[in-house]
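# Structure assessment
Single-letter residue listing:
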Amino acid sequence: MQTKLWYRRPAETWTEALPVGNGRLGAMVFGGVENERIQFNEGTLWTGQPTDYVHPGAVEVLPQIRELLFAGRQAEAETLAMERFMSRPLGQFSYQPCGDLGITMPMGLATRDYARELDLDTAVATTRWRVDRTVYTRRVFASHPHGALIVRIEADGVGTVDAEISLTSPHARQSTIADGMELHLSGQANDYDWGGMDDRNSDKPASVLRFASTVRVRTDGGTVSVTGDKLAIAGARSATLVLVAATSFVSYADTSADPAARCAEAMAQAGDVPYADLLADHMADHRFLFRRVMLDLGTGECSLRPTDERIASFAEDRDPALVSLFYQFGRYLLIACSRPGSQPATLQGVWNAELRAPWDSKYTCNINTQMNYWPAETTALGECAEPLFAALRELAVTGAKIAREHYGAKGWVVHHNFDLWRGAAPINHSNHGLWPTGGAWLSQHLWWHYEFTGDRVFLTDVYPLLRSACEFFLDTLVEDPRDPARHLISGPSNSPEQGGLVMGPTMDHQIIRSLFGWTAEAAKILKQDAEFAQNLRETAARIAPNRIGQHGQLQEWLEDVDNPTNEHRHVSHLWGLHPGDEIGPIQTPELADGCRTTLAHRGDGGTGWSRAWKINFWARLLDGDHSFELLKNLLVPAGTSHLGGHSGGVYANLFDAHPPFQIDGNFGATSGITEMLLQSQRREGSAYVLHLLPALPVALNTGSVTGLRARGGFAVDIQWRDGELVVARITASAGRPLVVQYGEAKLRLELDRGEHYEVTASSFRPLRITK
C-alpha cells in the first residue's frame, strides 16, 4: 500500500508545497535546495476582535420580510433584509498566515538525485539531494505531542550543513531579533481588508491579536552565529530547528494572552528534547490515528511515477493506488489540521498563505465545514471532530443572542458562516447569507458521534445543544398561508447560494426534520424530556414534505420551478440523500429516483467540493460506477476545463482545486470512497444495517480495507476480489443488534462487546464468532 506523495523538483507555487500540521500549527514545505521556504500558520491568528455581529432592531422587520416573500415580492424583501436584518458589520473576519521560516544553503556545485516526498504514514516531509559526494536530507514535521514544528538537516558525506536561518512575517506590524541560538518574531495581525464590501451600516473593527514565534537552532558540531536578524550555521554535521508560535487569543471573547510568554513556555517543553525522541514521539502519536484504517486497491507500473505525473494520466489509466493515496491523504489532512484543543478545520484546513484569503478562510457552513468532518467518524478519526464540538458549544452562546435579537426566539442559530469570534448572524447579502439552518446541520456531527460510539456520557453532555437548537425552530417555523394543508415552513431563508431569499426551501425542511428526530431519540435514550420529544415528533410531521416536480426531479423549493438546464454547483435539496438519511433507493425509491433526475440535470461538473458531494450522492444511490466517474472528474490536474466548461481538479500536492484551493473536496472524496465500501445510515427497527460494498465500482474491483467504522459501534474489515466479497470481519465495541447486508442478502445478529463476526459471500453465514 502506497503512502507517499513524491516529486522530482521543488515546489514553485504554494499549491505544489507539501502540508504538515499538528492541529494548531500548519506549515507548507516547498523543498527548495539553496532557498527553502516553510510557510507556517498558527490556528488562532485572525483579523478582527471580539464582535457579536448583532443588528439592533432586526426582529422588528422579520414579519414584514416574511409578508413580502409570501406576496412574491422577493426583491423588496431582500432589500429590507439588507437594510435592517443583516449582520453588523456585514462581513466576518479572516484567518491569517503567521510567518515564513527561511533556510538558505548555498551549494556551490551542481545538485543531482533530487527528490521530495510526504510520507502519510510518518507525517514527515523529506527533501533529499546530492552534491558531489554528500547527500543532504531535510526532514520537516509538526509534532502534536511537543507542540512544535521540527526541521532536521543532515549532511551524509564530506560536506557539512552551512545555512542561514531567517524568520519573517507578511504582516506590516512585525519585527525579528536574533538572540544567541534563537530567532524571535513578534507582531500584530493586519486590519481586515474590507475591499469593496458595501457596508455603510457600521464601524469596521480593527485587528487586535498579537502573535509571536521563536525558532531555536541546535547543531551537531559546527557553529551558530548571529548575523543581523538571522542565524548562520557553519560546519555542522546536522542541525535541528525547533519552531513554536502563539497568539494572544484566549477565547472568542478574550484576547489577553501574552504570545511571547506562551512561546517561551512551549520552547521550554520542546526546545531541548533530543531529535530522535521528537521524531519517535511524533510518529507514534500520528500512527495511533492514521493506521486505524488501511486501504489497499492494488498497484501497477503507473503507480510508481511521481504524484504529479500520476494525476495527469489518471483519467486514462485509472491508477487504483492513486485512489487509495488520495483517500489516505484526506485522512492525513484531518489529523494534521484538527486535533483536540485546536480550532476546527477552516475552508483551507490550517494552511493559508494569504492576508486576504479566499472566502476569508473561515467556516462556511452551508456545506463546506460539514464536509470537512464527513470522514471523521467513518474512518476512525472521531477525536479529530472535537474542535468542531467545542466550537458548537461556543456558537450556542453567540447564536442565542442572534436568535433573540434577530428572531425573538429561544435557542440558538448559526447562518451560513462563522469565524474565530463565533459570528452567528447572517452575513454578506440577504440573497444567500440569510440561511438559518447552519447550526442545525452542524449539530448532525454531535448525533453522528453518538451513533458511531454509543457514548452516553458524550450524548448527555451535548443534549442541551441539540435541545436548544430545536427550540429555535419550534419558535420560528410558520404555517404556509398559501398551502391548504397549512404545513409548517422555514424562512426567511434560501436554498444555498441560488434562487435568492424565499420561504420554505427543501433543504431547510430536511435538516429541521432530522434535527428534531435526533433530539427526540436522544431524549428517549437519556430517559428525559418525554413531552418535549413528543412535541418534536408531532412538529416534524407537520413540516412541508419532499416533493417530486414536473420533470420528475426532487423539488428544490415549495414551488415547482426547477430548471433542467441549471448546472449550479450546489445541490442542496439532496441533503436528505446525503449526508441526511431520510431518502434512499431502498427506503424511499420514488424520492431516490427524483434525486437521480436532479443529478442528471446538474451534471457531473462543478467545483471541487461539488464533485466530491456528488461522489457521495451516487454512492448513496448504489451506483458505484457513476460515483467513480465523479472521482475521476475530481482527480484531474487543476484548471482542466471539461464538463461544460467547469474547471477544478486537484493541484500537484493533491489539494482540492475549487479553484482556488479549498480543503473540503479532499475530505468529501475520502467520505465518498468510504460510502462506496460501507454504509450504515439505514435501520431496520433498532438495528443499523451494515451494507457491505454497496456501491463498488468496476474500476476498484479488487482490494481490501481494514478499520472502517459503522453506526452502532462496529469496526469493519472487508476483502473483495473481482467485484465479489471474499470475507468481512465485524467487531463490536458495544453490545448492539445489527443487520449485515450484501447485495440482496441479509443477516440479523446481536454481538456482545468485543465479539468478532466473519462472513463470506458464498455462504453469507458465520464462519466463526470469537471474543
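Everything in this summary refers to the structure shown in the same document. (Residues numbered from 1 in each chain as written. Predicted model: local features only at pLDDT ≥ 70, side-chain atom pairs only at ≥ 80, totals over all residues. Heavy atoms only, no water.)

## A closer look at empty space enclosed by the protein
Threshold: The rule is simple: put a 1 Å grid over the protein atoms alone, call a set of points where a 1.4 Å probe fits but cannot get out a cavity, call an open set with protein on both sides within 12 Å along at least five of seven lines a pocket, and count a residue as lining if it has an atom within 4 Å of a point. Grid points are joined across faces, edges and corners, and a volume is the space filled by probe spheres set on the points. Gly is placed with the polar residues, together with every amino acid not listed as nonpolar (Ala, Val, Leu, Ile, Met, Phe, Trp, Tyr, Cys and Pro) or charged (Asp, Glu, Lys and Arg).
What the rule picks out here adds up to eight cavities of 30 Å³ or more. In terms of residue class, the lining of the largest cavity is made up of five nonpolar, six polar and three charged.

## As for the packing of helix α6 (residues 320-337) against helix α18 (residues 664-677)
Cut-off, in case you're wondering: The convention used is that axes are lines fitted to C-alpha atoms, helices contributing only their stretch in contact, and that angles between N-to-C directions extend from 0 to 180 degrees. In this description a helix means any DSSP run of H or I spanning at least four residues, a strand means any run of E spanning at least two, and both kinds are numbered starting from the N terminus. Any angle between 65 and 115 degrees counts as roughly perpendicular, while under 35 counts as roughly parallel, over 145 as roughly antiparallel, and the rest as oblique. Helix crossings fall into two classes, left-handed where the near helix is turned counterclockwise from the far one by less than a right angle and right-handed where it is turned clockwise. The contact rule is simple, with two residues in contact once any of their heavy atoms fall within 4.5 Å.
Remark: α6 packs on α18, axes separated minimally by 8 Å, with the N-to-C direction vectors making an angle of 125 degrees. The orientation of α6 with respect to α18, classified from their angle, is oblique. With respect to the hand of their crossing, α6 and α18 are arranged in left-handed fashion. Residues Val 323, Phe 326, Tyr 327, Phe 329, Gly 330, Arg 331, Leu 333, Leu 334 and Cys 337 of α6 pack against Asn 666, Phe 667, Ala 669, Thr 670, Ile 673 and Thr 674 of α18.

## Description of the packing of aromatic side chains
A ring pair, where both rings are aromatic, is described by two values, the distance of the centres and the angle of the planes. Selection criterion: Pairing of aromatic rings covers Phe, Tyr and Trp, the last counted by its six-membered ring, and requires centre-to-centre distances within 6.5 Å; plane angles under 30 degrees mean stacked, over 60 mean edge-to-face, and any other angle means tilted. For the exposure calls, accessible area comes from a 1.4 Å probe over protein chains only, and a residue counts as buried if that area is under 20% of its type's maximum, exposed if over 50%, partly exposed in between. Here, a charge over a ring is recorded when the distance from Lys NZ or Arg CZ to the ring centre is within 6 Å and its angle to the ring normal is within 35 degrees.
Scanning all chains against the criterion turns up 26 aromatic pairs. An angle of 90 degrees between the planes, with centres 6.2 Å apart, marks the rings of Trp 441 and Trp 575 as edge-to-face. Of the two residues, Trp 441 is situated in helix α10 (residues 438-442) and Trp 575 in the loop between α14 (530-542) and α15 (589-602); the sequence distance between them amounts to 134 residues. Taken as a pair, Trp 441 and Trp 575 share a single burial class, namely buried. Counting every residue linked through ring pairs, the aromatic cluster contains Trp 14, Phe 329, Tyr 332, Trp 351, Phe 655 and Phe 661. When the ring centre of Tyr 275 is taken as origin, the NZ or CZ atom of Arg 152, which lies over that ring, is 4.5 Å away. In this arrangement the basic side chain of Arg 467 is found over the ring face of Phe 532, its NZ or CZ atom lying 3.9 Å from the centre.

## As for the sheet that holds strand β16 (residues 238-247)
Rule in force here: Pairing between two strands requires that DSSP report at least two bridges joining them.
Across the sheet, which stays open at both edges, the nine strands sit in the order β1-β6-β7-β8-β9-β16-β13-β12-β11 with antiparallel pairing between neighbours. Two strands lie at the open edges of the sheet, namely β1 (4-7) and β11 (173-179), each paired on one side alone. Between one strand and the next, the sheet's axes are offset by a mean angle of 15 degrees, whatever the strand orientation. Bridge count for β1 against strand β6 (residues 111-119) is four bridges, and the pairing is antiparallel. Paired with Lys 4 across the two strands is Asp 119, which belongs to β6.

## A few points about the pattern of salt bridges
Under the convention used in this document: Each salt bridge in this description consists of a side-chain nitrogen of Lys or Arg and a carboxyl oxygen of Asp or Glu lying within 4 Å of one another.
Tallying each qualifying case throughout the model produces 50 salt bridges. Where Asp 121 meets Arg 287, a salt bridge forms, and the shortest distance between an N and an O atom there is 2.9 Å. On the criterion of sequence distance, the pair formed by Asp 121 in the loop between β6 and β7 (124-131) and Arg 287 in helix α4 (residues 275-290) is long-range, its members being 166 residues apart. For Arg 287, a relative accessible area of 24% puts it in the partly exposed group. Among the ionic pairs, Arg 596 bridges to Asp 593, the shortest N-O distance being 2.6 Å. Residue Arg 596 and its partner Asp 593 are both found in helix α15; the two are separated by three residues, about one turn of the helix. The exposure class assigned to Arg 596 is partly exposed, which follows from its relative accessible area of 28%.

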